[in-house]
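Spelled out, the chains give:
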2 protein chains.
Amino acid sequence: MSNAADTLLDDDEGLPRNLVAQVVDAVAAGDKSQLDALLDPLHPADIADLLEQIDERGRASLLALWKGGMDGDILSELGDDLREEVIDALGPRELAEAIRDLESDDVVDLVEDLGDDQQEQVLDALGDVDRMAVEKALAYPEESAGRLMQMEVVRAPSHWTVGEAIDYLRASDDLPEQFYHLILVDPRMKPVGYVTLGRLLGTPRAIHLTELLEPSFRTFRVDQDEEDVAYAFNQYHLISAPVVDEDDRLVGVITIDDAMIVLDEEHEEDILRLAGVDGESSLTDKVIATTKRRFPWLAVNLVTAILASMIISLFEETIAGLVALAVLMPIVASMGGNAGTQSLTVAVRSMATKDLTGANVWRVIRREVLVGLVNGVAFAVIMGIVGYIWFGEPMLGVVIALAMVINLVVAGLAGTAIPVLLEKVGIDPALASGAFVTTVTDVVGFFAFLGLAAVMLL
Amino acid sequence: MSNAADTLLDDDEGLPRNLVAQVVDAVAAGDKSQLDALLDPLHPADIADLLEQIDERGRASLLALWKGGMDGDILSELGDDLREEVIDALGPRELAEAIRDLESDDVVDLVEDLGDDQQEQVLDALGDVDRMAVEKALAYPEESAGRLMQMEVVRAPSHWTVGEAIDYLRASDDLPEQFYHLILVDPRMKPVGYVTLGRLLGTPRAIHLTELLEPSFRTFRVDQDEEDVAYAFNQYHLISAPVVDEDDRLVGVITIDDAMIVLDEEHEEDILRLAGVDGESSLTDKVIATTKRRFPWLAVNLVTAILASMIISLFEETIAGLVALAVLMPIVASMGGNAGTQSLTVAVRSMATKDLTGANVWRVIRREVLVGLVNGVAFAVIMGIVGYIWFGEPMLGVVIALAMVINLVVAGLAGTAIPVLLEKVGIDPALASGAFVTTVTDVVGFFAFLGLAAVMLL
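Residues numbered from 1 in each chain as written. Chains lettered and ligands numbered in written order. Predicted model: local features only at pLDDT ≥ 70, side-chain atom pairs only at ≥ 80, totals over all residues. Heavy atoms only, no water.

Novice: Sorry, what's going on with the domain arrangement of chain A here?
Specialist: Quoted interface sizes are often the accessible area lost when the parts come together. Residues and elements named next belong to chain A. For chain A, the assigned domains are domain 1 (4-144), domain 2 (155-274) and domain 3 (287-456). In this structure, domain 1 and domain 2 have C-alpha centres spaced 30 Å apart. Of the residues lining the interface, four residues belong to domain 1; the matching set on domain 2 comes to six residues. The contact between domain 1 and domain 2 buries some 540 Å² in all, and 48% of this surface belongs to carbon and sulfur atoms. In terms of surface lost to domain 2, no three residues of domain 1 exceed Tyr140, Glu143 and Ser144, which account for 70% of the buried area on that side. (Domains from an automatic or database assignment. Contact = heavy atoms within 4.5 Å. Buried area = accessible area lost by both parts, 1.4 Å probe.)

Novice: Would you mind showing me how to read the UniProt feature "domain: CBS" (unreviewed entry) in chain A here?
Specialist: The feature "domain: CBS" (unreviewed entry), as given by UniProt, occupies residues 213-269 of chain A in the numbering adopted here. In residues 213-269 of chain A, helix accounts for 44% and strand for 23%; the two terminal C-alpha atoms are 37 Å from one another. (UniProt positions renumbered as here; feature names shortened; annotations may be inferred. Helix = DSSP H or I, 4+ residues; strand = E, 2+ residues; numbered from the N terminus.)

Novice: Could you clarify how one ought to interpret the interface of chain B and chain A in this entry?
Specialist: Listed by partner, the interface residues are 137 residues for chain B and 137 residues for chain A. The tally of links between chain B and chain A comes to four salt bridges. A salt bridge links arginine 349 of chain B to glutamate 268 of chain A; the shortest N-O distance between them is 3.0 Å. When residues in the side of chain B that touches chain A are grouped by element, the largest group, 19 residues, is from helix α18 (residues 324-352) of chain B. Residues belonging to the side of chain B that touches chain A are distributed by class as follows: 76 nonpolar, 32 polar and 29 charged. (Salt bridge = Lys/Arg side-chain N within 4 Å of Asp/Glu carboxyl O. Nonpolar A, V, L, I, M, F, W, Y, C, P; charged D, E, K, R; others polar.)

Novice: Quick question: what am I supposed to make of the nonpolar core here?
Specialist: Side chains of a nonpolar character, in soluble globular proteins, are inclined to be buried together. Ranked by size, the top nonpolar core spans 76 residues in total, and within it Phe449 of chain A together with Phe449 of chain B carry the most contacts. Phenylalanine 449 of chain B has contacts with Leu325, Leu328, Met329, Val332, Val399, Ile400 and Ala403 of chain B, leaving out every residue within four places of it along the chain. (Core = buried A, V, L, I, M, F, W, Y, C linked by side-chain atoms within 4.5 Å. Buried < 20%, exposed > 50% of the residue type's maximum accessible area, 1.4 Å probe, protein only.)

Novice: Explain the sheet that holds strand β6 (residues 250-255) of chain B to me, please; I cannot follow it from the model alone.
Specialist: The strands making up a sheet associate through backbone hydrogen bonding, with each pair oriented either parallel or antiparallel. Residues and elements named next belong to chain B. Here three strands make up an open sheet; going across it, the order is β4-β5-β6 and the pairing mixed. With one partner strand each, in any of the chains shown, β4 (220-221) and β6 form the two edges of the open sheet. Sheet topology places strand β5 (residues 240-244) next to β6; five bridges connect them, and they run antiparallel. Note that in β6 the partner of alanine 241 across the bridge is isoleucine 254. (Pairing = 2+ DSSP bridges.)

Have a look at this one:
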């Protein structure tokens, strides 16, 4: 296939080019051995991506032809909507087969966003021990450290030596697939520090473990927000960290790959929210679901726009007197909206990374106002000249220049102060700041421009 | 201090409340022992954050009072602007002292964005061996795997047994501080797989290492883009991965914490670019630097806004005939701009995560157009009624309703097609899509509304 659109994906990573087309061809031809040959070498994450890139009918045919190929790792990698679709297509026996080899924290991740029916279906497919572990994890609050952690921990009494620890590890026959630290606990099971496996391997047997503790050690509470956990992993460069219950007893461990996924999701959510797209949107969502998800923000924007129109209607007579005003008036509002969006995005991101705090909020507001003032003056000069040349009326240039300075200063102020205030009253600034800031810059932009025109021109 | 603004930071992670104020007080009082007592327990990342939250004068006093306290880890955590300021304040001897204990990849990270003078200053402060390692790394292209990797690798011949590997590790006295895998190499130093330390510890001595290989193994080329590396770590849940030169020989290893930092930076950059803020902006940037950085996007927006105004000026007579048009006309353009931003943000993010490719681009465009159509009809009905009630003119309602449908369909189309086209011609869609999409929705919005009004109303 030499479809030009395929060149979109010409990086070194990701699915090889043409693969999707080859898979679709194999499915259309009903060629199971060709399909197996194409899919078998792929990583589960890539198979999941591939499933997301073909349409619903193609996906159904693929799953029917590929019977028995689906496994739990692929299910884990699918977006929520698609995961439900695929689980429905599998049927109970194939589902049980698919999830048999998943670890309990992967099953939790797999089922926590499923509907009740499907969740029950998956739990039924588990053995009793696994089912109990999964149900225990599901009892923790959503988006908490408890949901994120794995319950299998590798621990040792804090009084042990390196030799005792190595002998213990070598005698264990059920070590987790991935672990990076040996967690030291006191007799009450409270974690007191950890030792990296590398350090353990490189140290003489007689040394006490307490001499090898890593300075990066910190613990999380089981009910702590996963967002806090991800922040700390990023801020302190953690690789793994123990999780404790309300009595400070070790109940699990979170590793950096889990934290990385949370960080990635938070980022994604922030980007989409800043653009007025709330909820986890994916490309496989249906038209109606997507429409509903986009509607509320557009409705808020409609109210904002009507508000701005009401300001304009205050000046109908002014505009009737000089129609050039109608031509120029969107410029000031638009510049204010863009400058405000710049300020608010910087503010929202700085709050997310905890760089904008009570200690520097006034300094940041002052800076944003000054930036608005300087850019406002620059664009006032440009637009004043443009306005004068275009309409041959010097005072029109003065009016638009003054309105520009006012609105860009207001944009800097509103763009910083509004997200900070929203955060203080407990509203997500990424989601709501845009509407508020744009309302302010629209209202101020139209009012300043038309109001000054009414006073100075007519 | 009971400043209400301090409650901004009431999460469980991050700097404790009031700490910044206490530090500022200690510096103002010249109380070095109090300053040490406040700063000593902090993680270098938190000290860096704290330095970013106080003003320039306060920072200079703090550094003067805290003489000898600064270390390389704190320097590494500082943003670029602040890092240059602090290095200037330190002076050569204190700088040499501070970076003495950094590993070579940390020094690379520290100096790669410094000016030539400061880079030379830091390199001079290093020992000969370290300096050579750093200069070698700096010879790799910027933002490549070579810059990201650490050169210290732990490797073993692929024919070894577990026992041989453990004996080798136990005899080594210069193992890296953090490592998670033992990399197996063939006689030509080509990496052929890796074994986790946990697996090594839990397996009988006689077993061959080749029986313990992890399926997640993959290598990166030294000149590969760090963005590709970060994508692969995220997609395939890697913890560490070997880096090879053009002859496939092992030259370094990248760990997940490095990849996590890159992913975080890429995200940040995308968010800011989508809002028209290009370049690494930080809260400590000066007013003039920030103003310059924001200016270009506002200038692009001014051109866009003037274009829209030129469309309006085509209809000056129409507006003079019915001033209500001037009142209502920003609504359609504004709704289109917002709907277009929603579509483009989803498209830009999907391209960044390689979910939007040649295989599904037409399906996504069709979906976005349909979403625009459905929402367009919904808002057409609402706005048609509002327009009729407000101005008592049924045809005005019809005009705004039709224009709304047209502009929201165009927004869906432009919001998806424009970022895809920009990517194809090699322009960063996160940076440029906004301006193009808004131009389209403004022009179409004003033209459709005023044009239909000219035809149907007058």
